[in-house]
Amino acid sequence: MEFLLGNPFSTPVGQRIERATSGSLQSEDWGLNMEICDIINETDEGPRDAVKAIKKRIVGNKNFREIMLALTVLETCVKNCGHRFHVLVASQEFVEGVLVRIILPKFNPPTVLHDRVLSLIQQTRLGRFLTAGGHHRVR
């Protein structure tokens, strides 16, 4: 069925996400991560294509380094991209189908991965709330 949807890494933003999450990287490529954000913010298909590529890199991947790099890309995008991206990553489908899925006990995730995912879930939910015009009250 995936052949009908195409390869998420074949789009301009998908190609960059594939490079930015390569397990062969010694460290994060912040310039590339910001380039990804620019494409997401400046193109109509950017947010959707980026979410597909991030999902592809995370779901079913056994390479811990690639997953952590993908979470770094996701976090960078949450912090630097607009409402169109936030709506997609704050959706129940993405949060439960991608983020929660990788920290299920059956996968025995390392604590650092578990904590990182929970932090990202909080960021995506808050980002969606704030970009929807909500106001946060501190008690």
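Residues numbered from 1 in each chain as written. Predicted model: local features only at pLDDT ≥ 70, side-chain atom pairs only at ≥ 80, totals over all residues. Heavy atoms only, no water.

With respect to the overall build of the chain
Then, in step 1: Across its full length, the chain carries 8 helices and 0 strands.
Then, in step 2: Put simply, the chain runs from its N terminus to its C terminus through helices and strands in the order α-α-α-α-α-α-α-α.
Then, in step 3: Counting only residues that meet the buried cut, the chain has 41% of its 139 residues in that class.
Then, in step 4: Long-range pairs, those at least 24 residues apart, make up 69% of the contacts in the chain with a sequence separation of at least 6. (Helix = DSSP H or I, 4+ residues; strand = E, 2+ residues; numbered from the N terminus. Buried < 20%, exposed > 50% of the residue type's maximum accessible area, 1.4 Å probe, protein only. Contact = heavy atoms within 4.5 Å.)

Points about unusual backbone geometry
Then, in step 1: A positive phi angle, near 50 degrees, is found at N108, a position not held by glycine.
Then, in step 2: Here N108 is to be found in the loop between α7 (92-102) and α8 (111-131).

Examining the side chain of T72
Then, in step 1: In this fold, T72 is placed in helix α5 (residues 64-80).
Then, in step 2: Residues within four places of T72 in sequence aside, it is in contact with E28, W30, N33 and R116.

Some words on the nonpolar core
Then, in step 1: Counting 35 residues, the largest nonpolar core has L71, L74 and F85 as its most contacted members.
Then, in step 2: Those elements that provide at least two residues to this core are α2 (12-20), α3 (30-42), α4 (46-58), α5, α6 (83-89), α7 and α8.
Then, in step 3: When residues in this core are grouped by element, the largest group, 8 residues, is from α5. (Core = buried A, V, L, I, M, F, W, Y, C linked by side-chain atoms within 4.5 Å.)

Some words on the packing of α3 against α5
Then, in step 1: Two numbers describe how α3 lies on α5: the axes approach to 9 Å, and their chain directions differ by 50 degrees. Taken together, the axis directions place α3 and α5 in an arrangement best described as oblique. Note on packing geometry: the crossing formed by α3 with α5 is right-handed. For the pair α3 and α5, the contacting residues are W30, N33, M34, I36, C37, I40 and N41 in the first and T72, V73, T76, C77 and N80 in the second.
Then, in step 2: Residues of the contact of α3 with α5, tallied by class, amount to 7 nonpolar, 5 polar and no charged. (Axes fitted to C-alpha atoms, helices over the stretch in contact; angles between N-to-C directions. Parallel < 35°, antiparallel > 145°, perpendicular 65-115°, else oblique. Left-handed = near helix turned anticlockwise from the far one by under 90°. Nonpolar A, V, L, I, M, F, W, Y, C, P; charged D, E, K, R; others polar.)

Some words on the confidence of the model for the chain
Then, in step 1: Averaged over every residue, the pLDDT of the chain is 87; the share at 70 or more is 86%.
Then, in step 2: For the stretch residues 133-139, pLDDT sits under 50, and the model shows 3 contacts to residues farther than four places along the chain or on other chains. (pLDDT = per-residue confidence, 0-100.)

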